[in-house]
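Residue-level structure breakdown
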Amino acid sequence: MEIERFGDWEKAKLLLTNGFNQRLAIAIRRATIKNALLLVREIKRGIRSQAPGGKQFAPLAQVTVDRKGSSKALIDTGFLLNSITEKILSDGAFVGLLRTSISKDGESAANIGAIMEHGATINHPSGAVIVIPPRPFLHPTMEKYQGEVIENYRQALLSVLK
């Protein structure tokens, strides 16, 4: 059985040597940073617009609007919004709410975010039952921008192969 080669094998050899692994790692890292910053920006934009990923939040209960003085969900003191961050790791990135982000009241941003993202039912000591409907802000944004994130990685790979 004979194998016939075609194409520019010298160019392929040059691309795959001369620091290819390092160039690839740098390109992937740059795309990871770009994607993390994109997602943080768009998650915050979604909260401000009250429609992360284009999905409108459930309206606040009137009692909550009266207490807060605003009908904007997930925006009260700005703690949750300001806690959304990215952390670039050696093999990827974290986008969301760090457990180490604690409010002045001692509440974890990650715990607050989980309640907002998934909803909760709270049995108050007075006997009242408080239902917080889900107001997802992370997943809808990540779903909306998944194609752009993939494209950023694709472009990073292509930049190394040129």
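Please refer to the structure higher up on the page.
None of the values given here were measured: they were computed from a predicted structure.

1. As for the overall build of the protein chain
Within the protein chain, the secondary structure is distributed over seven helices and four strands. Going from N to C terminus, the protein chain has its helices and strands arranged as α-α-α-α-β-β-α-β-β-α-α. A compact globule built from 162 residues should have a C-alpha radius of gyration of about 15 Å, whereas the protein chain, at 23 Å, is more than 25% larger. Dimensions of the protein chain, computed from C-alpha atoms along their principal axes, come out at roughly 80 × 30 × 30 Å. Going through the 162 residues of the protein chain one by one, you find that 33% of them count as buried. The long-range share in the protein chain, meaning contacts at least 24 apart out of those at least 6 apart in sequence, stands at 55%. Total accessible area on the protein chain is roughly 11,000 Å²; 56% of this is exposed by carbon and sulfur atoms.

2. Observations regarding the nonpolar core
Core analysis: the biggest nonpolar cluster contains 25 residues, and Ile 43, Ile 47, Leu 74, Ile 84, Leu 97 and Phe 137 have the highest contact counts within it. The set of elements that each furnish at least two residues to this core consists of α2 (20-49), α4 (79-83), β2 (92-97) and α5 (109-118). Counting residues per element, this core draws most heavily on α2, which supplies six residues. Discounting chain neighbours no more than four positions away, the residues touching Ile 84 are Val 40, Ile 43, Lys 44, Ile 47, Gly 96, Leu 97 and Phe 137. With five residues, the next largest nonpolar core counts Ala 27, Ala 31, Ala 156 and Val 160 among its residues.

3. Structural notes on the pairing of strand β3 (residues 120-123)
Sheet topology note: the β3/strand β4 (residues 129-132) ladder contains four bridges and is antiparallel. Across the sheet, residue Ile 122 finds its bridge partner in β4, namely Ile 130.

4. Brief notes about the pairing of β2
Judged from the six bridges that link them, strand β1 (residues 84-89) and β2 form a sheet pairing that is antiparallel. Its bridge partner being in β2, Lys 87 is matched across the sheet by Phe 94. Linking two consecutive strands that pair antiparallel, namely β1 and β2, is a turn of two residues.

5. Section: the packing of α2 against helix α7 (residues 146-161)
Close contact between α2 and α7 brings their axes to 9 Å; oriented N to C, the two are set at 155°. In terms of orientation, α2 and α7 fall into the roughly antiparallel class. As for how α2 packs across α7, the hand of that crossing is right-handed. In this structure, α2 contributes Phe 20, Arg 23, Leu 24, Ala 27, Ile 28, Ala 31, Thr 32, Lys 34, Asn 35, Leu 38 and Leu 39 to the contact, and α7 contributes Glu 148, Val 149, Asn 152, Tyr 153, Ala 156, Leu 157, Ser 159, Val 160 and Leu 161.

6. Considering the environment of Thr 77
Position of Thr 77 relative to the elements: it lies in the loop between α3 (62-68) and α4. Overall, Thr 77 belongs to the exposed group, its relative accessible area being 65%. A sequence separation of 60 residues divides Thr 77 from Thr 17, and the C-alpha atoms of the two residues are 53 Å apart.

7. Some thoughts on the pattern of salt bridges
Overall, the coordinates contain four salt bridges when judged by the stated rule. Between Arg 154 and Glu 151 there is a salt bridge, with the nearest N and O atoms lying 2.9 Å from each other. Of this pair, Arg 154 and Glu 151 both sit in helix α7, three residues apart, which is roughly one turn of that helix. A single network of salt bridges, built from pairs that share partners, joins Arg 41, Glu 42 and Arg 45.

8. Details of α2
Because an α-helix packs 3.6 residues into every turn, residues spaced three or four apart end up facing the same way. For α2, which comprises 30 residues, the first-to-last C-alpha distance of 43 Å matches the rise-based estimate of 44 Å (1.5 Å per residue) to within 8%. Gln 50 lies just past α2 and shows a positive phi near 70°.

Conventions adopted
- Residues numbered from 1 in each chain as written.
- Predicted model: local features only at pLDDT ≥ 70, side-chain atom pairs only at ≥ 80, totals over all residues.
- Heavy atoms only, no water.
- Helix = DSSP H or I, 4+ residues; strand = E, 2+ residues; numbered from the N terminus.
- Rg over C-alpha atoms; globule rule 2.2 N^0.38 Å.
- Buried < 20%, exposed > 50% of the residue type's maximum accessible area, 1.4 Å probe, protein only.
- Contact = heavy atoms within 4.5 Å.
- Areas by Shrake-Rupley, 256 points an atom, 1.4 Å probe, with all protein chains shown as cover.
- Core = buried A, V, L, I, M, F, W, Y, C linked by side-chain atoms within 4.5 Å.
- Pairing = 2+ DSSP bridges.
- Axes fitted to C-alpha atoms, helices over the stretch in contact; angles between N-to-C directions.
- Parallel < 35°, antiparallel > 145°, perpendicular 65-115°, else oblique.
- Left-handed = near helix turned anticlockwise from the far one by under 90°.
- Salt bridge = Lys/Arg side-chain N within 4 Å of Asp/Glu carboxyl O.
- Expected span 1.5 Å × (residues − 1).

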